[in-house]
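A structural walkthrough
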Amino acid sequence: MSKNVLLIGGGHAHLSLLKNMKENKLPDCEVTLLNPTSTYYYSGMFSGYVEGIYSLEELEIDLEELCQRSGVQFFKGTAMSVDAKQKMVLTEKGDILSFDVLSFDIGTRRKGIAELPDSDRIFHLNRKEQIKALGKDSSKRGEVVIVGGGAAGIELSFSIKAWKKKHSDDGHVRLISASPIYGESKESSCQKQLKEKLLQAGVELHENERISDVRDGKVTVGEETFRYDSLLWMTGSEAPKLYKSSKLPIDEEGYLLVEDTLQVKEYPFIFGSGNGVTVREYPDIPRNGVMAVRQGEVLWDNLSGFLGSGEGYHFKPQKRYLTILSTGARHGYLRYGGLCTSGKLAWKLKNKIDQKFMSTFK
């Protein structure tokens, strides 16, 4: 009898699974992908799209078409609750999906979104309409405030500043971060170099400062208030509510807790990967695409093993890995461990990696 494998979420790890399934089928299985949208947008190219280097189509992966080519059923919807004992998932439309094996890759949410006012001038880039709107010139003109000093906020600061320079727009770009930029508690030489590049680009940097209020087209930071024409909310992540509400094992912050086999200890038929999970053996690894892609490789092997041979592998994060940020005008900032450099070659390498990643899903 064939088994039902349900994939919830279209993140990096599940994209890797779908790619593998084009050539290698899981044994005696019917596989379904449940996702709220039929299109995936590759965040690694967002800043280039906002700057005008890429078109929107170059960021898109058609999940429904990819599923069809991989022999997987696509089901459009959002998981509202999971009953691990009965092996059922309830969607927001009231559909009930049963499973024998379940895999999560639903990512995270940005902190503080629920408290933001409803405004077409506030962007958090979680919907196609917002992504399209930020590609328009009107969204980048005038005063732009970016909240969040992680990789996404830094890249967008550079790209919008580069766009303004190209289009002779003298509006400010302010980057506000509640912690040191790039998520480092101690300032390293690489972080210092990145900060200097932001200042040289003309970005007004506010580190270790929190937003206390957002209203009427203004943000308040400490005792200062800044007007904005566009506000980009690129804060850190928080766990999806689905895991806690479904009474699945979670860590202190609400992320799904998995072993280094990417399985939930109490329910070995449930797998989890990507930014929305915590690996018990490695609780402090960064939540980024590099780790998610690596987990995707292990997830394929372990799902196959669980359904077939029983063989599997243990996820072990890399101690050092390559990251490249776009710094605007086809320049990049490359970092590998404690080594860092910047320039045109860094951006060319990033572009090559991004284009190769996208080409595998076309």
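Before reading further, recall that the structure is shown in the block above.
What counts, and at which threshold
Residues numbered from 1 in each chain as written. Predicted model: local features only at pLDDT ≥ 70, side-chain atom pairs only at ≥ 80, totals over all residues. Heavy atoms only, no water. Pairing = 2+ DSSP bridges. Helix = DSSP H or I, 4+ residues; strand = E, 2+ residues; numbered from the N terminus. Axes fitted to C-alpha atoms, helices over the stretch in contact; angles between N-to-C directions. Phe/Tyr/Trp six-rings, centres within 6.5 Å; stacked < 30°, edge-to-face > 60°. Buried < 20%, exposed > 50% of the residue type's maximum accessible area, 1.4 Å probe, protein only. 1 Å grid on protein atoms, 1.4 Å probe; cavity = no way out; pocket = protein on both sides within 12 Å on 5 of 7 lines; lining within 4 Å. Points joined across faces, edges and corners; volume = space filled by probe spheres on them. Disulfide = S-S within 2.5 Å. Nonpolar A, V, L, I, M, F, W, Y, C, P; charged D, E, K, R; others polar.

1. A look at the sheet that holds strand β24 (residues 322-328)
- Taken in spatial order, the three strands of this open sheet run β24-β25-β26, and their pairing is antiparallel. With one partner strand each, in any of the chains shown, β24 and β26 (339-343) form the two edges of the open sheet. The sheet shows a mean angle of 15° between the axes of neighbouring strands, direction not considered.
- Across five bridges, the pairing between strand β25 (residues 331-336) and β26 is antiparallel. When the bridges of β26 are listed, Arg335 appears paired with Cys340.

2. Structural notes on the packing of aromatic side chains
- Scanning the model with the defined rule gives seven aromatic pairs in all.
- Taking the centre distance of 5.8 Å and the plane angle of 80° together, the rings of Phe271 and Phe306 count as edge-to-face. With Phe271 in strand β22 (residues 267-272) and Phe306 in helix α8 (residues 289-307), this residue pair connects regions lying 35 residues apart in the sequence.
- Take Phe271: its relative accessible area is 0%, and that puts it in the buried class.
- Ring centres of Tyr282 and Phe315 lie 6.3 Å apart, and the angle between their planes is 90°; this geometry places the pair in the edge-to-face category. One end of the pair, Tyr282, is in the loop between β23 (277-279) and α8; the other, Phe315, is in the loop between α8 and β24, with 33 residues separating them in the sequence.
- For Tyr282, a relative accessible area of 26% translates into the label partly exposed.
- Of the residues examined, Phe315 reaches a relative accessible area of 0% and is grouped as buried.
- By way of ring pairs, the aromatic residues Tyr42, Phe357 and Phe361 are connected into one cluster.

3. Section: empty space enclosed by the protein
- Taken as a whole and assessed by the stated rule, the structure comprises one cavity of 30 Å³ or more.
- Within this model, the largest cavity holds a volume of roughly 90 Å³.
- For the lining of the largest cavity, the secondary-structure elements that each account for two or more residues are β23 and α8.

4. Quick notes on the state of the cysteines
- Applying the stated criterion across every chain yields a total of one disulfide.
- A sulfur-sulfur separation of 2.4 Å characterises the disulfide bridge that pairs Cys190 with Cys340. On the S-S bond that ties Cys190 to Cys340, the torsion sits near -100°, and the link is left-handed. Residue Cys190 is located in helix α6 (residues 189-201), and its partner Cys340 is located in strand β26; the two are separated by 150 residues in the primary sequence.
- Among the cysteines around Cys29, which has no disulfide bond, Cys67 carries the closest sulfur, lying 15 Å off.

5. Remarks on the layout of surface pockets
- Quantified by volume, the second largest pocket comes out at close to 450 Å³.
- Considering every element that reaches the lining of the second largest pocket, the biggest residue donor is helix α5 (residues 151-166), with five residues.
- The class makeup of the residues in the lining of the second largest pocket is five nonpolar, eight polar and six charged.

Such coordinate-based values are descriptive only and should not be taken to indicate function.
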